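# Analysis of the macromolecular model
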Amino acid sequence: MISFQSVIIAAYVSCTLAASYHWPSPQYDALEALLYEGKSPSGFNAGNLGNNCVTRNTGRAPPTKSSIAAEWTYSSFLVFTKAYHDMATHNITDGTGGLDASIFYELDRAENIGAGQVNSVIDFQNAAQKYISHADVIALGVVWGVAACSGPVIPFRGGRRDALSAGSPGVPEPQQDLADHIEKFRLQGFNQEEMIELVACGHTLGVVRQLDFPEIVNTEVDFDRTPGFDHAIVSEYLDGSTRNPLVVVANKTLASDSRIFFSDRNATVQKLNSPESFSRTCSTILEKMINTVPKGVILGEPIILLPVKLVNAQITANNGQLIFNAVLRLTKKKTTVTTSRTVNMYWCDAIGDNVNCSKRINIASSPVERSPDPLGAVLIARGLSYNTYTFNAPINAQASVSQFWFEVDEGNGSGPKVHDNDRSRYFVAQDKVIHIPSGTSTVFAGYINNNLVYNTTVLAAVRTSLEVKLLLFFLINHMAELVAPEDAPAMLHGYSFYQSTLPLKPWGEPILNFEILTSGVTYTDEPRYITDFDRNLGQLSPISTVPTV
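The name an unreviewed UniProt entry gives the protein chain is Peroxidase, with Psilocybe cyanescens as the organism. In the Sequence similarities (unreviewed entry) part of its UniProt record, the protein chain is described as follows: "Belongs to the peroxidase family."

Take a look at the structure:
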């Protein structure tokens, strides 16, 4: 027999999450998932494309030697990638510009020439969404890229805002003299030593392509002889073995790296000439680069990995059965074996004679366990992985769900630990209007003005006890009213179905939510992603109850 009070007391020994985190925190949850898992909510592996420092597969001959990570990070004054060239619009004098995704409006500039820009736009075009700006995704590209090539894990903060127009030109070009370079970096907020650091750290990855810069190379040439993020860019420069095109180019007017490195008689590159110093310095200077934002933009605290995370919690239905669906993510060392682990979910009724577990506690066991594939670059760099545990607990409308929590036992003799949102427990926001994934779908409808169009059909259920005045759903920039479907799905006791269809262009991470107006009261469903529509909830979880003492 379980005492409800003992469960609460046990929570004091549970793992504490990030110090300032409290569920629900939609923006933090979205940023944390994208940073560490490398996946957008739809499952698109934006952050994992560059894993293991892989080169870009262009499908053309000869194949490129440029890594995806190089194109995301900095790459060079020539093989321009998004992060530095987006940030380069910053003007420290008036606070304008910075890393704000204005690069999307600046690709026609001579300073932004290069295939890396176009490739990165394609890589990241679907990663931004309601809680994550395009500018945040560009900054994440730096973190992912460096980690994927065995470099340091750069701290990441979210909260960047996307520009609505192009910024001022600001990228130094190789034919410019040293004074011009120093001044441009100064306007961006970097002194001379930081300029040298940023160039060295940026040029440890990447190539110069003959296709883009025939005046510098007649083939594709690496900046150094190693593919990873390391100090070879400076060690080869110092020992005279470098093949860096911006050092050895015959036309010394274009030897910008040589001028920059030697601008303080090699003092800075000498300090960078060790694995430890290079890694430490690059982490600091690249963090400063991605945190250079327009005046008035305030970034949040660094996003910390949540060791225990509630990924999803919703009341939904499938085949006439009301279901409480919850997904818990547990982080672990990559080598940790979890075969002895058991995870249970506990919850209290929201309605009836058992409100707040006054008589009994409901238990769901045997969740579906899954491991990630692929694993995110940042987690790989830290030697970590995770498992998710999906519960699909059958419930009834006369009881519903209020508060819930989890208990994890590793099976190693340490005893169970309770995870309950730092002792405040998790709560289901409402059950008046719910989304039905099994009755919602997106199908190809054709083309409108050369744009792909999909018909998206949305199915919702509303409690029959409510007098519905108006039921709307919002998807991307569209709004529509839901009405009773002609062919209703299987009966769902306590609920009535509503449906609508919209033609939509696929772009980004479209989020759906419902709003229902009853007799003077408005209820709003939790936002969810369009790609949840076709999700199979899977097997039902075994449930039991124990009396509350």
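Among the residues of helix α9 (residues 232–239), Ala232, Ile233, Val234, Glu236 and Tyr237 are the ones counted as buried. Downstream of α9 by a residue or two, Gly240 has a phi angle that is positive, lying close to 85 degrees.

Another point: the sheet that holds strand β3 (residues 308–318). In spatial order, the strands read β3-β4-β8-β7; together these four strands make up an open sheet with antiparallel pairing. Each edge of the open sheet is held by one strand with a lone partner, namely β3 and β7 (368–370). Across the sheet, the mean angle from the axis of one strand to that of its neighbour is 20 degrees, orientation sign disregarded. In the sheet, strand β4 (residues 321–333) pairs with strand β8 (residues 384–394) via 11 bridges, with the strands oriented antiparallel. Paired with Ala326 across the strands is Phe391, a residue of β8. Strand contacts of helix α2 (residues 26–37): β3, β4 and β8, with the helix running at about 115 degrees to β3, the strand carrying the most contacts.

On to the packing of α2 against helix α6 (residues 134–148). Interaxial distance between α2 and α6 falls to 10 Å at its minimum, and their mutual angle equals 30 degrees. Where α2 crosses over α6, the two elements pack in a sense that is right-handed. Contacts between α2 and α6 pair Leu31, Leu34 and Leu35 from the former with Asp136, Val137, Leu140, Val143 and Trp144 from the latter. Of the residues assigned to the contact of α2 with α6, the class counts are seven nonpolar, no polar and one charged.

With that out of the way, let us pick up the nonpolar core. Counting 110 residues, the largest nonpolar core has Met289, Phe324, Met345 and Phe404 as the members making the most contacts within it. Among the elements that take part in this core, α6 stands out by supplying 11 residues, more than any other. Leaving out residues up to four positions away in the same chain, Met345 has contacts with Phe324, Ala326, Asn362, Ile363, Ala364, Phe391, Ala393, Phe404, Trp405 and Phe406. Counting residues in hydrophobic clusters, the runner-up holds 14 residues, among them Val433, Ala460, Val462 and Leu512.

Parameters at a glance
- Residues numbered from 1 in each chain as written.
- Predicted model: local features only at pLDDT ≥ 70, side-chain atom pairs only at ≥ 80, totals over all residues.
- Heavy atoms only, no water.
- UniProt positions renumbered as here; feature names shortened; annotations may be inferred.
- Buried < 20%, exposed > 50% of the residue type's maximum accessible area, 1.4 Å probe, protein only.
- Helix = DSSP H or I, 4+ residues; strand = E, 2+ residues; numbered from the N terminus.
- Pairing = 2+ DSSP bridges.
- Axes fitted to C-alpha atoms, helices over the stretch in contact; angles between N-to-C directions.
- Contact = heavy atoms within 4.5 Å.
- Left-handed = near helix turned anticlockwise from the far one by under 90°.
- Nonpolar A, V, L, I, M, F, W, Y, C, P; charged D, E, K, R; others polar.
- Core = buried A, V, L, I, M, F, W, Y, C linked by side-chain atoms within 4.5 Å.

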